[in-house]
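Each chain, written out:
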Amino acid sequence: MFRKKLFIKKIKEKLEKERTLIEEQLQSFAKKDKKLAGDWETRFPKFNGGNLEEAADEVEEYESLLPIEFSLENRLRDINLALEKIKKRRYGKCEKCEKEIPRERLKVCPEARFCLKCQKR
Ligand SMILES: [Zn+2]
């Protein structure tokens with residue numbers, strides 16, 4: 001039992017570190033959506049009278065950031081979910097089949113919600 005506690009403690013630290021990193025990354029180009037928890041919005045470029053070419057570059061940059069925002073947001077959501085499960089002492093169980101997710105998998109992917117079998121389905 002002690003070893004499981006220690007394992008979860010380590011996972012929790014890892015998740016919290018990840019969360020900080022992702023939030024920092026998001027903050028560099030997006031802002032938190034105040035209405036929707038866990039949602040971020042990439043800042044749309046401000047056009048302050050620059051020429052059209054410049055404006056087009058900025059829109060292009062904005063568009064290239066959107067998928068990054070999306071994937072970071074998703075990871076953040078999974079990380080928060082995992083932390084929530086740790087709090088409720090439900091961490092490490094597959095959400096579909098309720099079986100324990102192998103520790104080896106959790107070590108690589110601590111925010112995993114499903115066991116490998118269910119993930120593949
Ligand atoms: Zn499963």
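Above this note sits the structure.
I will try to describe carefully the structure that is included in this document. (Residues numbered from 1 in each chain as written. Predicted model: local features only at pLDDT ≥ 70, side-chain atom pairs only at ≥ 80, totals over all residues. Heavy atoms only, no water.)

## Here we look at the coordination of the zinc ion
Between any two of four tetrahedral donors, the ideal angle at the metal is 109.5 degrees; between two of six octahedral donors, it is 90 or 180 degrees. So the rule is basically this: Here the term donor refers to an N, O or S atom within 2.8 Å of the metal (or 3.2 Å for Na, K and Ca), and because water is left out of the atoms, sites may appear incomplete. The helix count covers DSSP runs of H or I at least four residues long, the strand count covers runs of E at least two residues long, and both are numbered beginning at the N terminus. Exposure is judged per residue with a 1.4 Å probe applied to protein chains only, and the accessible area is read against the type maximum: over 50% gives exposed, under 20% gives buried, and values in between give partly exposed.
Donor atoms from the polypeptide that bind the zinc ion are Cys-94 (SG), Cys-97 (SG), Cys-115 (SG) and Cys-118 (SG), placed at 2.3 to 2.4 Å. Expressed as a motif, the donor residue spacing for the zinc ion is C-x2-C-x17-C-x2-C. You can see Cys-97 sitting in the loop between helix H2 (52-87) and helix H3 (103-108) and its partner Cys-115 sitting in the loop between H3 and helix H4 (116-120), a full 18 residues away along the chain. Exposure remark for Cys-97: the relative accessible area of 32% places this residue in the partly exposed category.

## As for the nonpolar core
Basically, it comes down to this: Residues enter a nonpolar core if they are buried and are Ala, Val, Leu, Ile, Met, Phe, Trp, Tyr or Cys, with the set joined through side-chain atoms within 4.5 Å. Contacts are assigned to residue pairs that have any heavy atoms within 4.5 Å of one another.
The biggest cluster of nonpolar side chains holds 24 residues, and the ones touching the most others in it are Ile-11, Leu-15, Leu-26, Ile-86, Tyr-91 and Leu-106. Elements with a minimum of two residues in this core: helix H1 (2-29) and H2. In this structure Leu-15 touches Ile-79, Ala-82, Leu-83, Ile-86, Pro-110 and Glu-111, once residues within four positions along its chain are discounted.

## Quick look at the pattern of salt bridges
Short version of the rule: Here, a salt bridge means any side-chain nitrogen of Lys or Arg that lies within 4 Å of a carboxyl oxygen of Asp or Glu.
For the structure shown, the criterion picks out eleven salt bridges. Across the pair Lys-12 and Glu-16 runs a salt bridge whose closest N-O atoms are separated by 3.9 Å. Here Glu-16 and Lys-12 lie together in helix H1, a separation of four residues that amounts to about one turn. According to the relative accessible area criterion, Glu-16 is partly exposed, its value standing at 31%. As a salt-bridge pair, Lys-32 and Glu-23 come within 3.9 Å of each other at their nearest N and O atoms.

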